[in-house]
Amino acid sequence: MSRSIYFMVFLVLAMTLFVANGVQGYNICKTTSKYFKGICRIDTLYLCIKVCIEQDKFENGLCNNVQRKCVCTKPCVCDNIPNDDRTILVEDAKTLEAELLEEEIFKA
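Teacher, can you tell me more about the overall build of the protein chain here?
A count of helical and extended segments in the protein chain gives 3 helices and 3 strands. Listed N to C, the secondary structure of the protein chain is α-β-α-β-β-α in terms of helices and strands. Looking at the 108 residues of the protein chain, the share that counts as buried comes to 15%. The long-range fraction of contacts in the protein chain, counting pairs at least 24 apart against all pairs at least 6 apart in sequence, stands at 36%. When the accessible surface of the protein chain is summed, it comes to about 9400 Å², and 61% of that surface belongs to carbon and sulfur atoms.

Structural data, given as structure tokens:
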């Protein structure tokens, strides 16, 4: 009897961990490879993955079935940043861009 209780507790804990791990997933960012040349098909998939990892500096690659292009993928960077911090980063980037533009204007 006690073994079945332990087994049920173990099963519930394992399922909880499995579900919790899946829920905290992340978005995948995708972009067309800058370095892959040619049409991406199933026979060139390995080359697409290799180019994405080594040259485009992404984590993986796949072939887009519609456009036949090599698409590089990686977890999105901003997914782990809270919305407030993300807003601050965007505002800082806009301020820096404005300062650089102003500096270029006054140089000329």
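Read on for the rest.
I keep staring at the nonpolar core and nothing clicks. Help me out?
Generally speaking, nonpolar side chains in soluble globular proteins are found buried as a group. Judged by nonpolar contacts, F36, C40, C48, V51, C52, F58, C63, C70 and C72 together constitute the single largest core of 9 residues. Every element with two or more residues in this core is listed here: α2 (45-54) and β3 (70-75). If we skip the residues at most four places from it in the chain, F58 touches T31, C52, I53, C72, T73 and K74.

Where do I start with the packing of aromatic side chains in this structure?
The way to describe two aromatic rings as a pair is by their centre distance and the angle between their planes. One pass over the structure, following the stated rule, counts 0 aromatic pairs. Between the NZ or CZ atom of K74 and the centre of the ring of F58, over which it lies, the distance is 4.6 Å.

Just checking my understanding: could you explain the side chain of T44 for this structure?
As for its placement among the helices and strands, T44 is situated in the loop between β1 (28-32) and α2. Accessibility expressed as a relative area gives 18% for T44, which makes it buried. For T44, the side chain forms a polar contact with the main-chain oxygen of I39, separated by 3.4 Å. With residues near it in sequence (within four places) discarded, T44 still touches F36 and I39.

Looking at this structure, I do not really get the state of the cysteines. What am I missing?
Two cysteines form a disulfide when their sulfur atoms are joined by a covalent bond. All told, the structure shown has 4 disulfides when counted by the stated rule. The disulfide partner of C52 is C72, and the gap between their sulfur atoms is 2.0 Å. Taking the sign of the S-S torsion, about -80° here, the bridge from C52 to C72 comes out left-handed. Remark: C72 occurs in strand β3 and C52 occurs in helix α2; sequence separation between them is 20 residues. Here C52 and C72 have matching classes, each one buried. The connectivity of the disulfides in the protein chain is 1-8, 2-5, 3-6, 4-7, where the numbers refer to bonded cysteines in sequence order.

About the criteria used
- Residues numbered from 1 in each chain as written.
- Predicted model: local features only at pLDDT ≥ 70, side-chain atom pairs only at ≥ 80, totals over all residues.
- Heavy atoms only, no water.
- Helix = DSSP H or I, 4+ residues; strand = E, 2+ residues; numbered from the N terminus.
- Buried < 20%, exposed > 50% of the residue type's maximum accessible area, 1.4 Å probe, protein only.
- Contact = heavy atoms within 4.5 Å.
- Areas by Shrake-Rupley, 256 points an atom, 1.4 Å probe, with all protein chains shown as cover.
- Core = buried A, V, L, I, M, F, W, Y, C linked by side-chain atoms within 4.5 Å.
- Phe/Tyr/Trp six-rings, centres within 6.5 Å; stacked < 30°, edge-to-face > 60°.
- Lys NZ or Arg CZ within 6 Å of the ring centre and 35° of its normal.
- Polar contact = N/O pair within 3.5 Å; in protein donor to acceptor, adjacent residues only side chain to side chain.
- Disulfide = S-S within 2.5 Å.

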